[in-house]
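In case you want the letters, here they are:
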Amino acid sequence: MLITEPQAPARSSAGTDALQIDHFINGAAVASARRFDKRSPLDGRLLARVAEATRDQVDSAVRAARAALRGPWGTLTVAQRVDLLYAVADGINRRFDDFLAAEVADTGKPMSLARHVDIPRGAANFKVFADVVKNVPTEFFEMSTPDGLGAINYALRRPVGVVGVICPWNLPLLLMTWKVGPALACGNTVVVKPSEETPQTATLLGEVMNAAGVPAGVYNVVHGFGPGSAGEFLTSHPGVNAITFTGETRTGEVIMKAAASGARPVSLEMGGKNAAVVFEDCDFDAAIEGTLRSCFANCGQVCLGTERVYVQRPIFDRFVQALKRGAEAMQLGRPEDPATAMGPLISQEHRDKVLSYYRKAAELGATVVTGGGVPAMPGELAAGAWVQPTLWTGLGDDSAIAREEIFGPCALLMPFDTEEEVLRRVNDNEYGLATAVWTRDLQRAHRVAAAIEVGIAWVNSWFLRDLRTPFGGAKQSGIGREGGVHSLEFYTELKNVCIKL
Ligand code: NAD
Ligand code: 6OD
């Protein structure tokens, strides 16, 4: 067992009966002398004591991954790998309730959200990328030669090797499998460093890998923090051939520097300061519903979430009032309550950051349309990382509130007059991850979507994801694209074979 319960039952009670979470290295649980606390975002109770990997343990995970690459995993056919990845997806679904309980415990997010998004997507990522790898062709060119006999060229895709996978806490299983799925489908092996805030589902996945028959060493998990801990040990390890990262832009910069040693490729999915652009001709109710989701889903902790809302002036006041009503109708509460629309933030530390922006907005003279503080939560929930869903008006594009990623359930609403003006204002930002445009004018939709400097532009929707499409950020939001065949660009080496006839 990787997740052990010294004094069962563990998940529901407080105090000493916390889970123990170990690393998963070479197909087995590995403990560490040092452990750190994982606390519930709901009420601060101790959830787990998590092993913190030493440099030597990270090294043994990387060695196990290398050995697996040279061992049975490296000799499997694509069809055999595909079968195994289907078995992994089925294994997640078979243990759906375990994954759901673990993800919800670590994050505090509503069960309804994790049940419909996080866990099914965690499973789907294995099937989708298995299918991509099974079906993707490579190129072939005939060429003429002076002797008239010619030559042929064809391309082969080969795994890059051992991939280091560094993950965030906001959609832990979904975002981890979004990388591990394609990495394994392409024949690589992985060492995963989950966020210190969300150690559980990556660890559970180890049990599923074993049950599915994935060879030992193909999937490894090491727990710990970033600098001076497992994250740094992994990204600086010379045995890691490529690094894929999702998290903050500043962390991505550090990881890129680590990857420079050995000239290793990086895939970086990073922060955002995403805008919604609401034109006066939009379907008003749909725009309100979509903007409520894009601002507040997962307590605003979605990289694609909206923190700047530009609304065309004729409908600005009406839009602000409707969004306010929607925000105030959202129920904050326990994950298992079906009426809960929003959970807490991930941690007290993150709450301190979000609340510092709530204070800053007030200091800068924002009008607080709703929220702006900490809600009164009943009983033990009062000790959790709760904040109010918050909307502001009255600040401009140059304010910190309009420029810096907060990663909380909050947005600044600003009026605009013309399409040209709003495009200039939306693009005047260092980030470029995602946008949502709300309009009934198709010509305008195409024009605006093309002109906004982002990796992902939604029109009349938000977070509608086809996993075959390219995903990633422009500007400081990322480097590279993952998704569908685009993941193959990172997780494989393309080799040209030229044969003289
Ligand atoms: P983070 O950057 O703080 O941490 C991400 C991971 O990096 C964690 O596992 C952490 O332990 C590790 N880490 C930190 N410092 C490191 C170092 N020096 N070396 C190696 N590893 C290190 O991010 P977070 O707080 O977990 O997640 C929130 C951020 O992630 C937000 O900025 C959000 O926008 C971003 N995000 C982006 C996407 C995307 O697809 N673009 C998706 C989700 C989240
Ligand atoms: O849906 C996805 O594939 C994806 N990468 C979502 C990212 C969400 C960020 O928080």
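What counts and what doesn't
- Residues numbered from 1 in each chain as written.
- Chains lettered and ligands numbered in written order.
- Predicted model: local features only at pLDDT ≥ 70, side-chain atom pairs only at ≥ 80, totals over all residues.
- Heavy atoms only, no water.
- Helix = DSSP H or I, 4+ residues; strand = E, 2+ residues; numbered from the N terminus.
- Rg over C-alpha atoms; globule rule 2.2 N^0.38 Å.
- Buried < 20%, exposed > 50% of the residue type's maximum accessible area, 1.4 Å probe, protein only.
- Contact = heavy atoms within 4.5 Å.
- Lys, Arg positive; Asp, Glu negative; His and termini not counted.
- Charge placed at Lys NZ, Arg CZ, Asp CG, Glu CD.
- Salt bridge = Lys/Arg side-chain N within 4 Å of Asp/Glu carboxyl O.
- Pairing = 2+ DSSP bridges.
- Axes fitted to C-alpha atoms, helices over the stretch in contact; angles between N-to-C directions.
- Near = heavy atom within 4 Å.
- Polar contact = N/O pair within 3.5 Å; in protein donor to acceptor, adjacent residues only side chain to side chain.
- Areas by Shrake-Rupley, 256 points an atom, 1.4 Å probe, with all protein chains shown as cover.
- Nonpolar A, V, L, I, M, F, W, Y, C, P; charged D, E, K, R; others polar.
- Domains from an automatic or database assignment.
- Phe/Tyr/Trp six-rings, centres within 6.5 Å; stacked < 30°, edge-to-face > 60°.
- Disulfide = S-S within 2.5 Å.
- Patch = residues over 30% accessible without salt bridge, like charges linked within 9 Å, V, L, I, M, F, W, Y side chains within 5 Å.
- Buried area = accessible area lost by both parts, 1.4 Å probe.

Per the secondary structure count, the protein includes 16 helices and 24 strands. Here the C-alpha atoms of the protein give a radius of gyration of 24 Å, agreeing with the 23 Å that 2.2 N^0.38 yields for 501 residues. Considering only C-alpha atoms, the protein reaches an extent of 70 × 70 × 40 Å along its principal axes. Per-residue burial for the protein yields a buried fraction of 59% across its 501 residues. The long-range fraction of contacts in the protein, counting pairs at least 24 apart against all pairs at least 6 apart in sequence, stands at 74%. In the protein, 50 positive and 56 negative side-chain charges are present, and the distance between their average locations comes to 3 Å.

The full count for this structure, using the stated rule, is 33 salt bridges. Notably, a salt bridge pairs aspartate 59 with arginine 63, separated by 2.8 Å at the nearest N-O pair. Of this pair, aspartate 59 and arginine 63 both sit in helix α1 (residues 55-70), four residues apart, roughly one helical turn. In this structure, the salt-bridge partner of glutamate 430 is arginine 250, at a minimum N-O distance of 3.4 Å.

What follows deals with the sheet that holds strand β21 (residues 456-459). Read from one edge of the open sheet, seven strands run β16-β17-β18-β15-β14-β20-β21, paired in mixed fashion. Sheet topology places β16 (367-370) and β21 at the edges, where each strand pairs with a single neighbour. Pairs of neighbouring strands in the sheet enclose a mean axial angle of 25°, with direction left out of account. Sheet topology places strand β14 (residues 274-278) next to strand β15 (residues 306-312); five bridges connect them, and they run parallel.

On to the site of ligand 2, then. Surveying the vicinity of ligand 2 reveals the residues Arg121, Asn170, Leu171, Leu175, Trp178, Val302, Cys303, Leu304, Phe463, Arg465 and Phe471. Measuring from an oxygen atom of ligand 2, one finds a side-chain N or O atom of arginine 121 at 2.7 Å. Relative to its unbound accessible surface of 310 Å², ligand 2 loses 99% to contact with the protein. Residues that form the shell around ligand 2 fall into these classes: eight nonpolar, one polar and two charged. Two domains each put at least three residues into the shell around ligand 2: domain 1 (55-270 + 477-500) and domain 2 (274-465).

With that settled, the discussion passes to the site of ligand 1. Close contacts around ligand 1 come from 30 residues, with Lys193, Glu196, Thr251, Met270 and Glu405 the closest. Note that an oxygen atom of ligand 1 is positioned 2.9 Å from one of the backbone N or O atoms of glutamate 248. Protein contact buries 92% of the 840 Å² of open area that ligand 1 shows by itself. For the shell around ligand 1, the elements supplying multiple residues, two or more each, are α8 (230-235), β12 (242-246) and α9 (249-260). Of the residues forming the shell around ligand 1, the biggest block, three residues, is contributed by α9. Residue classes in the shell around ligand 1 are distributed as 16 nonpolar, eight polar and six charged. Here the shell around ligand 1 spans two domains, since at least three of its residues come from each of domain 1 (55-270 + 477-500) and domain 2 (274-465).

The next thing to look at is the packing of aromatic side chains. Applying the stated criterion across every chain yields a total of 10 aromatic pairs. Seen in terms of ring centroids, phenylalanine 279 and phenylalanine 416 are 5.4 Å apart; in terms of plane orientation they differ by 85°. Their pairing is edge-to-face. Of the two residues, phenylalanine 279 is situated in the loop between β14 and α10 (284-296) and phenylalanine 416 in strand β18 (residues 410-416); the sequence distance between them amounts to 137 residues. Both residues of the pair, phenylalanine 279 and phenylalanine 416, count as buried.

Here we take up the state of the cysteines. Applying the stated criterion across every chain, the model contains zero disulfides. Left unpaired, cysteine 282 is separated from the closest cysteine sulfur, that of cysteine 295, by 14 Å.

Below, the discussion takes up a nonpolar patch on the surface. A cluster of nonpolar side chains, Leu149, Ile499 and Leu501, forms an exposed patch at the surface whose accessible area comes to about 280 Å². Note that leucine 501 resides in the segment after β24 (492-500).

As a further point, take the domain arrangement of the protein. Domain annotation for the protein reports domain 1 (55-270 + 477-500) and domain 2 (274-465). Between the C-alpha centres of domain 1 and domain 2 the distance comes to 31 Å. Opposite the 21 residues of domain 1 that make contact, domain 2 presents 23 residues. At the boundary of domain 1 with domain 2, total buried surface from both sides reaches about 1,700 Å², with 58% on carbon and sulfur atoms. Joining domain 1 to domain 2, the criterion identifies one salt bridge.

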